[in-house]
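Commentary on secondary and tertiary structure
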Amino acid sequence: MMGIYIFIFFAYLFGPLIIMSITAFNSAEFPSITPWECFSFRWFNEGKIAYDGQHLAGLLSDWRLHDGIISSLIIGAGVVTLSVPIGMAAAIVLTQVRSQLRDIYYSISIMPVLFPGVIIGISTVVLWDRIAGLGGEGFISDIGRNGIFLTILAQTCFISTYCFLIFVARLQRFDQTQEEAALDLGASQTQVFFKILVPYLSPAIASAAVIAFLFSFENYNTTVFSILSDQTLTTVIASKVRLGISPALSALALTIIALTIIAAVTYEVLRRRAEKRYAESQEKFVKEKAADNRINKKYKAGFKIPKGITAILLIVVFATYGATQIVKNDLYGQSCIDAADKEKKSKFLEQLQTLESNELTDEELSGGSLGGNQDYGDIFGDPSLFQDFGGFD
Amino acid sequence: MSADVELSDVSVTFGSFYAAKNVNVKVNGGEFFSFLGPSGCGKTTLLRAISGFQEPSEGKVLIDNKDMSGIGPNKRPTALIFQNLALFPLMSVSENIAFSLEVRGVSKEERKKRADELLELIALEGQGEKKVHQLSGGQKQRVAIARALAVEPKVLLLDEPLSALDLKLRQRMRTELREIQKRVNITFIYITHDQGEALTMSDRIAVMNEGELEQIGKCDEVYNNPLTPFVATFVGENNPLYGKVTGIEGDKAQIETADGQYLAMMNDSKKLNIGDESIAFVRPESLFIPRDGDSFDNKIDVNIESFEFEGNLKNFYARLQSGAKIKFSVPNAIDTSSISSGSSIALGFDSSKSVILPKASLAID
Amino acid sequence: MKNFLFTQPFFKKNGKAVAIYFLVAIIFWFVFLVIIPQFYMLDLSFRTNVPPLARGGPEDYYTFEHYSHFIFGSKTATDAFNFVDLGVFGRTIFVSMLVTIANLLFCYPIAFYIAKIANPSTARLLIVSLIIPFWINELLRSFALRILFANEGVINNFLTGIGILDQGILFITYDIGLYTGLIYAYILLMMFPLYNAIESLDINQIEAAKDLGSSSFRTHWRIVIPHAKPGIVSGCTMVFMLTVGALATPVVLSSPNTLWFPQLIYQWFNMNDNWSRGSAYSIILLIVSVIFVLTMMRIFKVRIGEIIK
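Because the structure is a prediction, the values reported are computed rather than measured.

**Concerning the overall build of chain B**
Helix and strand counts for chain B come out as 9 helices and 19 strands. Along the first, second and third principal axes, the C-alpha set of chain B runs to 75 × 45 × 35 Å. Taking contacts inside chain B between residues at least 6 apart in sequence as the whole, the part at least 24 apart equals 67%. Approximately 16500 Å² of chain B is accessible, and the part contributed by carbon and sulfur atoms is 47%.

**Brief notes about the pairing of strand E16 (residues 313–319) of chain B**
Residues and elements named next belong to chain B. For strand E15 (residues 298–309) and E16, the ladder comprises 6 bridges, and the chain directions are antiparallel. Directly across from Glu-308, in E16, lies its bridge partner Asn-315. Summarising the sheet, E16 and strand E17 (residues 325–331) pair through 7 bridges and their orientation is antiparallel. Along E17, the bridge assignment pairs Leu-313 with Pro-331.

**Comments concerning the domain arrangement of chain B**
Residue and element names in this part refer to chain B. Domains assigned within chain B are domain 1 (5–224) and domain 2 (231–358). The centre of domain 1, based on its C-alpha atoms, is set 38 Å off from the matching centre of domain 2. Contacts between domain 1 and domain 2 engage 12 residues on the former and 7 residues on the latter. In total, about 780 Å² of surface goes out of reach between domain 1 and domain 2, with carbon and sulfur atoms giving 68% of it. It is Gln-195, Val-207 and Tyr-223 in domain 1 that bury the most area against domain 2; as a group they hold 54% of the surface buried on that side. Taken together, domain 1 and domain 2 are joined by 0 salt bridges. Joining domain 1 to domain 2, the criterion identifies 3 residue pairs in polar contact (both at pLDDT 80 or more). Mapped onto the side of domain 1 that touches domain 2, the elements with two or more residues apiece are helix H7 (195–201), strand E10 (212–218) and helix H8 (219–224).

**Focus on helix H12 (residues 216–244) of chain C**
Taking 1.5 Å of rise per residue, 29 residues should cover 42 Å, yet H12(C) covers just 34 Å from first to last C-alpha, more than 12% shy of that figure. Along H12(C), the sharpest kink reaches roughly 60°, centred on C:Lys229 and followed within four residues by the proline C:Pro230.

**Here we look at the packing of helix H4 (residues 65–72) of chain C against helix H15 (residues 275–300) of chain C**
Residues and elements named next belong to chain C. One can describe the packing of H4 onto H15 by two numbers: an axis separation of 9 Å at closest approach and a directional angle of 65°. The angle between the axes of H4 and H15 places the two elements in the roughly perpendicular class. When the axes of H4 and H15 are compared, the crossing they make is right-handed. Every residue of H15 that contacts H4 at Glu-65, His-66, Tyr-67, His-69 and Phe-70 is listed here: Ser-276, Arg-277, Ala-280, Tyr-281, Ile-283 and Ile-284. The residue inventory of the contact of H4 with H15, partitioned by class, reads 6 nonpolar, 3 polar and 2 charged.

**Some points on the sheet that holds E16(B)**
Residue and element names in this part refer to chain B. Strand order in the open sheet made by the 4 strands is E17-E16-E15-E18, with antiparallel pairing throughout. Among the strands making up the open sheet, the edge pair consists of E17 and strand E18 (344–349). On average, each strand axis in the sheet is tilted by 50° relative to the strand beside it, whichever way the strands run.

**A closer look at the interface of chain C and chain A**
With 101 residues of chain C in contact, the opposing surface of chain A contributes 102 residues. Both faces considered, chain C and chain A share a buried interface measuring about 9200 Å² in area, 73% of it formed by carbon and sulfur atoms. When the area that chain C buries against chain A is broken down by residue, the three leading residues are C:Trp29, C:Trp135 and C:Phe143, summing to 8%. Across the chain C-chain A interface, the total number found is 0 salt bridges. Inspection of the region where chain C meets chain A yields 12 residue pairs in polar contact (both at pLDDT 80 or more). Looking at the side of chain C that touches chain A element by element, the count peaks at 16 residues for helix H3 (residues 16–45) of chain C. Grouping the constituent residues of the side of chain C that touches chain A by class yields 66 nonpolar, 25 polar and 10 charged.

**Description of the pairing of strand E4 (residues 58–63) of chain B**
In summary, the side chains of a regular strand alternate between the two faces of the sheet. Residues and elements named next belong to chain B. By the bridge criterion, 5 bridges tie strand E1 (residues 5–14) to E4 in an arrangement that is antiparallel. Along E4, the bridge assignment pairs Glu-6 with Leu-62. Relative to strand E5 (residues 66–67), E4 runs antiparallel, the two sharing 2 bridges. Residue pairing across strands places Leu-62 opposite Asp-67, the latter belonging to E5. Between E4 and E5, which pair antiparallel and follow one another directly, the connecting turn spans 2 residues, one of which, Asp-64, has a positive phi of 55°.

**Points about a nonpolar patch on the surface**
Together, C:Phe94, C:Leu98, C:Ile101, C:Leu105 and C:Phe106 make up a nonpolar patch on the protein surface, roughly 510 Å² of accessible area in all. Checked against the element boundaries, C:Ile101 lands in helix H5 (residues 83–117).

**Some points on the interface of chain B and chain A**
Opposite the 29 residues of chain B that make contact, chain A presents 23 residues. For the pair chain B and chain A, the summed buried surface comes to about 2100 Å²; carbon and sulfur atoms form 58% of the total. In terms of surface lost to chain A, no three residues of chain B exceed B:Asn74, B:Val103 and B:His133, which account for 24% of the buried area on that side. Counting every contact that joins chain B to chain A gives 2 salt bridges. A:Glu180 is the partner of B:Arg48 in a salt bridge, and the nearest nitrogen-oxygen pair spans 2.7 Å. Counting the contacts that link chain B with chain A gives 10 residue pairs in polar contact (both at pLDDT 80 or more). Elements represented by at least two residues in the side of chain B that touches chain A include exactly helix H1 (43–51), strand E6 (78–81), helix H3 (99–103) and helix H5 (137–149) of chain B. Partitioned by chemical class, the residues of the side of chain B that touches chain A number 16 nonpolar, 8 polar and 5 charged.

**Here's the deal with the state of the cysteines**
The term disulfide refers to a covalent linkage connecting the sulfur atoms of a pair of cysteines. Enumeration according to the criterion identifies 0 disulfides over all chains in this entry. No disulfide involves A:Cys163; its nearest neighbouring cysteine sulfur is the one of A:Cys157, lying 12 Å away. C:Cys236 provides the cysteine sulfur closest to C:Cys107, a residue in no disulfide bond, and the two sulfurs are 9.7 Å apart.

**Remarks on the sheet that holds strand E19 (residues 354–358) of chain B**
As a general point, the strands of a sheet are linked pairwise by backbone hydrogen bonds and lie either parallel or antiparallel. Residue and element names in this part refer to chain B. Spatially, the 5 strands close up into a barrel ordered E11-E12-E13-E19-E14, and their pairing is mixed. Adjacent strand axes in the sheet meet at a mean angle of 55°, parallel and antiparallel pairs treated alike. Two strands pair when backbone bridges link them, and strand E11 (residues 239–249) and strand E14 (residues 277–282) are joined in this way by 6 bridges, in the antiparallel orientation. Following the sheet pairing, Gly-243 is matched in E14 by Ser-278.

**Structural notes on the confidence of the model for chain A**
Residues and elements named next belong to chain A. For chain A, the mean per-residue pLDDT works out to 74, and 65% of the residues sit at or above 70. In this model residues 291–304 is a low-confidence stretch, pLDDT under 50, and it forms 6 contacts with partners more than four residues away in sequence or in other chains. Residue range residues 359–393 is modelled with pLDDT below 50. Its contacts to residues more than four positions away, or to other chains, number 73 contacts.

**As for the packing of aromatic side chains**
By convention here, two paired aromatic rings are described through the distance between centres and the angle between planes. Residues and elements named next belong to chain B. Evaluated as defined, the whole model comprises 37 aromatic pairs over all chains. Measuring from centroid to centroid gives 4.9 Å for Phe-88 and Phe-99, while their planes differ by 55°, and the two rings are tilted. With a gap of 11 residues between them, Phe-88 in the loop between E6 and helix H2 (93–97) and Phe-99 in helix H3 connect regions that are remote in the sequence. Residue classification places Phe-88 among the buried positions, given a relative accessible area of 2%. The exposure class assigned to Phe-99 is buried, which follows from its relative accessible area of 0%.

**A few points about the confidence of the model for chain B**
Residues and elements named next belong to chain B. Here chain B shows a mean pLDDT of 87. Residues at 70 or above account for 98%. Per-element confidence in chain B is highest for strand E3 (residues 32–36), whose mean pLDDT is 93, and lowest for helix H6 (residues 167–184), whose mean pLDDT is 86. Note on the complex model: pTM 0.80, ipTM 0.84.

Rules behind the numbers
- Residues numbered from 1 in each chain as written.
- Chains lettered and ligands numbered in written order.
- Predicted model: local features only at pLDDT ≥ 70, side-chain atom pairs only at ≥ 80, totals over all residues.
- Heavy atoms only, no water.
- Helix = DSSP H or I, 4+ residues; strand = E, 2+ residues; numbered from the N terminus.
- Contact = heavy atoms within 4.5 Å.
- Areas by Shrake-Rupley, 256 points an atom, 1.4 Å probe, with all protein chains shown as cover.
- Pairing = 2+ DSSP bridges.
- Domains from an automatic or database assignment.
- Buried area = accessible area lost by both parts, 1.4 Å probe.
- Salt bridge = Lys/Arg side-chain N within 4 Å of Asp/Glu carboxyl O.
- Polar contact = N/O pair within 3.5 Å; in protein donor to acceptor, adjacent residues only side chain to side chain.
- Expected span 1.5 Å × (residues − 1).
- Bend = angle between axes of the 7 residues up to and from the residue.
- Axes fitted to C-alpha atoms, helices over the stretch in contact; angles between N-to-C directions.
- Parallel < 35°, antiparallel > 145°, perpendicular 65-115°, else oblique.
- Left-handed = near helix turned anticlockwise from the far one by under 90°.
- Nonpolar A, V, L, I, M, F, W, Y, C, P; charged D, E, K, R; others polar.
- Patch = residues over 30% accessible without salt bridge, like charges linked within 9 Å, V, L, I, M, F, W, Y side chains within 5 Å.
- Disulfide = S-S within 2.5 Å.
- pLDDT = per-residue confidence, 0-100.
- Phe/Tyr/Trp six-rings, centres within 6.5 Å; stacked < 30°, edge-to-face > 60°.
- Buried < 20%, exposed > 50% of the residue type's maximum accessible area, 1.4 Å probe, protein only.

Have a look at this one:
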């Protein structure tokens, strides 16, 4: 009973992602599984020229995406450099604030994550627009209207809180007598900070930096306001999705998923290795101390095949089966794609003729299923985008 | 090398609470001095006042006759060994020991040399590269001492550093600490709630209760000649016999209790008058089962309730006629097989081994 | 001042250089990033919408027009109230509450299973599996659902393909996609507070309750849920706040005919270039959020520190 529920729950979590990943390999213009056209990597590469002559960019050929990624990286770096020191300072000062004030101080510190993201974006933009207006023509006016600069400030506003919380958690386990011991041994207050506190906090600094970067990289709600006329990865994705869903996005998502999994696995492996090393040093110590057989026995754990292996084997079996099916039915390669395109082109010509004879149908076709929100369908960027990513059906 | 430490009328208050009240002590240079008292008696507060973590609310701390007010812990000629040792877990043993040199900007070679010297002093040669968590409890203890000694302090302050160790190790560390103190010849100020520790290691001890000093003196002095009922019962075990003073002869006083009259020594400083409510104390080992030829001037009838075997001693728990409990110990060398639970016997003790003090509260221990 | 704010003299405790770094960082954050922008936005929401050059001129004065527009609509409108905007607002709040409740119901069994029933290695695996989908951009997750729910999407193609349906279901038009997406978007933020809260419950208490003859439902109602209360409140608050303020998921999944409240703000702000009105609507959203948090704190008697950890 519970098992079924867990299965459904995780199917809900992973199902959409898996299906999306599969659609990245379908050569059809619309991300789908059925009908399956051809197995292809085109959406990871150059994309395709559609049968009506429009260019559908793939991951490699999409300069807009590349620009977005670059600004996202710049913003991420900026946010990390600001929010980690801010979060650390705020967390350390929390330990020094009088207990009567601690609640108020804490509340102010966590307020930004309770604000809706859009509000942080808007408030930053309106303020800096005003500052830029006051500043005349010079430097201030320039940076006040610089989307990247504003986005760094706006994101730092709430990402600092996440950093703050990470540092607070680590500081709660800090043994304050360490500071006293260092002072007693003649260290100055500044030396205590750099030689005792900062080394102690360094794991938190690392995780705060990672978290800050990831939150910054994938933020949309705040960024969409503060970025002004620039584009980040997320705003590019949003505009693409609004204008019609393309398998190139599936390919992008799959790339991100793969990177995530690799990072997660690496992290897990490193963590286990560190744990093992620590356990070994402890074990060695225990062995040195006690030649007692009982203790030695306890540390001789048997070798077990990890359960994960079964899962990997299952995946391999399925993948092999899928691949053989694809090869058997000649669903891979250029010949398949060419055949499919040819067929569609002829169909498209037919459709075009019908369209010309009936304008009403034309409207229905362009809205509907994937054109998206007609109310303000063009808000996400310039019209030229539309040419690269037409809504296809 | 060593320095005198003087606390002059030191009080430390937290709000309206007195953690220490009008404390006056002079610790001599090179002395091993202990503050002994139950937890919460203010001894740690005093230690923090000496090391500079806590400014006294009133009074002064003088080290080498210099007033220490306004001087931070990093500027005082003291080093503190914390109860939890506070070794730096991210540094190696050598780095821990040489930390005080590092913050003073001493060169790396110099630091290494000094660290090696100190490692030798604490018998941990060649273990400097280890991480702190790879050491045993006793080794950590010694590293903490070496780290403190690296500052070349004039006074070493120790805040119950042995409390986390098991019994055997604790006993060994007592001897070791004493030896280290003799070798480096600096003032040790030791804080403990364990009277055994204080008595075995110290030259002098100060007994504290509720922020106030009860008694300062050499160990045997405090043990044999307690000035207050608190000291009498906190340092070692003692049987109280409550009553009224009925007569005074020289330095001895007669006390009338519900179970009879006893004679006990009076302290010089606390004069008693006839009719005063008072307590006579007699230690378990001063009570004995009289044999022919023993001389004693007090006799006490008891009814044995139970006994326990402690190795070198056998402890008996008995009651007087009034119902008051009393404990006495007999060396294992003496045959006590005839004494069983429920039997009534007479015990004796000599007035010179008993102390009479004005009535006051005892240590609840 | 130093001793009024801090337990120890601030500069003496930290050393001058570090103390200055602390103060600069904290003031920069609190004052320049948090407080001033919000107050400026509040100020702007009470001003007329004028082009930058006319600022400070006679056209630039304080007014309630943006707030009254939200309630009563434009001056020329015939309706007594601004049913469109109020409708969007009401629907956003209402659906967010339903999403929050749905998340709580979906997550509770899983959180309980991971915290108290699964063995440690399974629990670890499940936790990692829970986290992985949430490292993927909210937009892309919504996009994945869009692939499923589009009119010619995977589900419809499948259903019509095997002949169950003649025509696809309009998931997007009826906002089924949006609701599914909103539940999907922040489910992790319900899961973790719940898990942490249940995890800290002593298993003996559950066993003791069973031993005393309590039914499994009753055990949850009387033992587990009261213990997990701070986690439940925390999860509900976070999910509600994020759902009400969501923009990415509605952008991808909402039907062409309906708006989510942040989309309305976006419209005023970017499309109609009416920053004052956009600010006013933002303030309304902010007030709702704050009221919600305060209500949760009051009803369930938890402190703000317990909500966000």
